[in-house]
Amino acid sequence: MRSIGGMARDSGLSVSALRFYDRAGVLVPAWVDPVSGYRWYAPGQLDEARLLARLRRAGMPLADIRLVLAGWTGADTDLVQQLLEAHLRRLERGLSDARGEFSMLRALLDDREKSMTPLRTATARPALTSPELAAALDAVRFAAGTDPELPMLGGVLFDIEGDALRLVATDRYRLAVARVPVTGHGGSRVQVVVPLPLVDAMRALAGSPEPVRLFVDGDRVTLETGGGRQVAGRSLDHDFPDYLRLISLPAGRRAVVDVAAFREAVQEGPVRTGEVREEDGAVFDVSVIGADADGTVRVCDDGTDGEGGVSGDGGRVAVNRAFLLDALDAGARDRLVLELGAPTAPVAVRRPDDEGTFSLLMPVRLDG
């Protein structure tokens, strides 16, 4: 007999997925301890679980999976063959439809690009304080992308408008924003994406107490101190996505957390491993967090039943644990505000004294 943990390890299905399939009647354990609620699986159920994992990875609907599992061990495999072929035809039709839509989108995008003037062709020379720039770079650097297929995310956006410089970074799974007051910029809005090596050089230069000035001239970006030291380089030849659309979110439940205590709870609390493989094929640890009615933020277990589950009210959301720890560090405060919305909404990590600096963590979709 295998425990639910052993079945998860050997089958490729997560513990939470196995619980879901049990409740759905798709893969019911051979025995459940009536006292502890622990699930135990017979040896013959391993092949069934592996088959279920393959069908789910192929995107087969749960209703069809039930029939495939029911007919898999029978002598007549016609039903199984027909279900597999029908699902493959659905996937092929879906791919064909998607290709048509993407072809139309590319045409629309080409027409749109011809009529737009990029903001990165302008010039700007704002002045700002060195410590504030250093703190802003520290607040966003962790969220910058490293995917070579998305070079426009491989840097930090410098968005200069009015009396503010906003720094923005995202790798699709997290996004960080920081605001720095500036003086001396009376022109139009200017945006440049500064590559990460130049960002890191700027951070090293901004570590001194000297005032600094940022020079943007087309694709040339320079940071210069009052003493004449400078770092310079070319911006990325890409436009950054409209981050203002990405940060326009419905208000969620806000709760103040003690960073040291909450960080320890995240590090030592329940963790789900290897449940999501969407991030470039990576397997990573997932933490589930939730806010109680009294404002207490907690790290949750599965939250429903046996195997250590802790019940609670809704409002739980799953996030990449390492990303959450990075966001807590980047917050650079003893106390931070966590904003939790729906399970499908990003988690916001905010500073209580600075609304312009925050990070968003995309939720992780768990099986079941």
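Note that the structure is a prediction, hence the values are computed from the model and not measured.

What counts and what doesn't
Residues numbered from 1 in each chain as written. Predicted model: local features only at pLDDT ≥ 70, side-chain atom pairs only at ≥ 80, totals over all residues. Heavy atoms only, no water. Buried < 20%, exposed > 50% of the residue type's maximum accessible area, 1.4 Å probe, protein only. Helix = DSSP H or I, 4+ residues; strand = E, 2+ residues; numbered from the N terminus. Pairing = 2+ DSSP bridges. Phe/Tyr/Trp six-rings, centres within 6.5 Å; stacked < 30°, edge-to-face > 60°. Lys NZ or Arg CZ within 6 Å of the ring centre and 35° of its normal. Contact = heavy atoms within 4.5 Å. Core = buried A, V, L, I, M, F, W, Y, C linked by side-chain atoms within 4.5 Å.

Asks: How would you explain the pairing of strand 19 (residues 347-351) if you had to name every residue and give the values?
Replies: Working note: regular strand, side chains alternate between the two faces of the sheet. Counting buried residues along strand 19, five of its five residues qualify, which places the element largely inside the surrounding structure. Every second residue of strand 19 is oriented toward a common face, with V347, V349 and R351 on one face and A348 and R350 on the other, all of them buried. Relative to strand 19, strand 18 (residues 335-340) runs antiparallel, the two sharing three bridges. Looking at the pairing, E339 lines up with A348 of strand 19. Here strand 18 hands over to strand 19 after six residues, the two strands then running antiparallel side by side.

Asks: Got a sec to walk through the sheet that holds strand 2 (residues 31-32)? Specific residues and values, please.
Replies: Strand order in the open sheet made by the three strands is 1-3-2, with antiparallel pairing throughout. Each edge of the sheet is formed by a strand with only one pairing partner; in this case those strands are strand 1 (2-3) and strand 2. As paired elements, strand 1 and strand 3 (residues 39-41) share two bridges and run antiparallel to each other. Within strand 3, the residue paired with R2 across the bridge is Y41.

Asks: Would you mind going over the packing of aromatic side chains in detail, with residue names and values included?
Replies: According to the stated counting rule, one finds one aromatic pair in the structure shown. In this arrangement the basic side chain of R174 is found over the ring face of F323, its NZ or CZ atom lying 3.7 Å from the centre. Above the plane of the ring of F358 lies R350, whose end atom (NZ or CZ) is 4.9 Å from the centre.

Asks: Just give me the short version of the environment of R321, but keep the residues and values in it.
Replies: Inspection of the secondary structure assignment puts R321 in helix 10 (residues 321-331). R321 sits in the buried class, given a relative accessible area of 19%. Along the sequence, R321 and V266 sit 55 residues apart, while their C-alpha atoms lie 7.4 Å from each other. Here R321 is in contact with V266, Q267, V271, D285, V286 and S287, once residues within four sequence places are set aside.

Asks: I'd like a rundown of the nonpolar core, residues and numbers included.
Replies: The nonpolar side chains of a soluble globular protein tend to be buried, and buried together. Core analysis: the largest hydrophobic core is formed by 59 residues, its most contacted members being F158, L165, M202, L214 and F262. Aside from chain neighbours lying at most four places away, what touches L214 is A124, R125, P126, L128, F158, I160, L165, M202, V221, T222 and L223. Among the nonpolar cores identified, the runner-up in size contains 22 residues, and A49, A53, V68 and L69 belong to it.

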